[in-house]
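# Secondary and tertiary structure notes
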Amino acid sequence: MKKAITCFCVLLLAVSAILSGCNGNDEMSKDEIISLVLTNKESLLNDISKENYENCKRIPEIKEVNVHDHYIEFYCGGSGMGGETTYSGFCYFDAHVQQNIFDMLEQRSYVREGDGYIWRQADGDNIIYIEQITEAFYYYYLEY
């Protein structure tokens, strides 16, 4: 379980590093992403159950789908370039991970903020924010 959460955070950092060369602003707001998930929940769950993400990839707001061991990341855009970059989207966590995700976040230096959890770099300006949307879907926002 700890390994899955650690892998999630590391992979989010890796995605941000890869995408940091992209300039522009196609970032969606948290409310837009939450609405996207709630509106498309049945279609998303159907694709996840079939392990075929072609329908998800047809949703214009979903820029990229990345499948990992215990979760699926749906990248929905970002803004900035280099050291001043943001990324946002949502993740789907399988059942045995989602049961303990917030407990694990608290143990990993995340603190409760608003309706979710945030990690702030102690000696910098990097942040990761995670908030539950539904039982299995979680919004994420990264700022570097």
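The present account deals with the structure reproduced in this document.

Rules of the game
- Residues numbered from 1 in each chain as written.
- Predicted model: local features only at pLDDT ≥ 70, side-chain atom pairs only at ≥ 80, totals over all residues.
- Heavy atoms only, no water.
- Salt bridge = Lys/Arg side-chain N within 4 Å of Asp/Glu carboxyl O.
- Phe/Tyr/Trp six-rings, centres within 6.5 Å; stacked < 30°, edge-to-face > 60°.
- Helix = DSSP H or I, 4+ residues; strand = E, 2+ residues; numbered from the N terminus.
- Buried < 20%, exposed > 50% of the residue type's maximum accessible area, 1.4 Å probe, protein only.

### Observations concerning the pattern of salt bridges
Inspection of every chain in the model, using the stated rule, returns three salt bridges. For Arg-120, the salt bridge goes to Glu-113, with nearest N and O atoms at 3.0 Å.

### Observations regarding the packing of aromatic side chains
Applying the stated rule across the entire model yields eight aromatic pairs. Residues Tyr-87 and Tyr-144 carry aromatic rings whose centres are separated by 6.5 Å and whose planes lie at 50° to one another, so their mutual orientation is tilted. Of the two residues, Tyr-87 is situated in strand β3 (residues 84-93) and Tyr-144 in the segment after β7 (137-143); the sequence distance between them amounts to 57 residues. Note on Tyr-144: relative accessible area 12%, which makes it buried. Clustering of aromatic rings is evident, with ring pairs tying together Phe-74, Phe-90, Tyr-92 and Phe-137.

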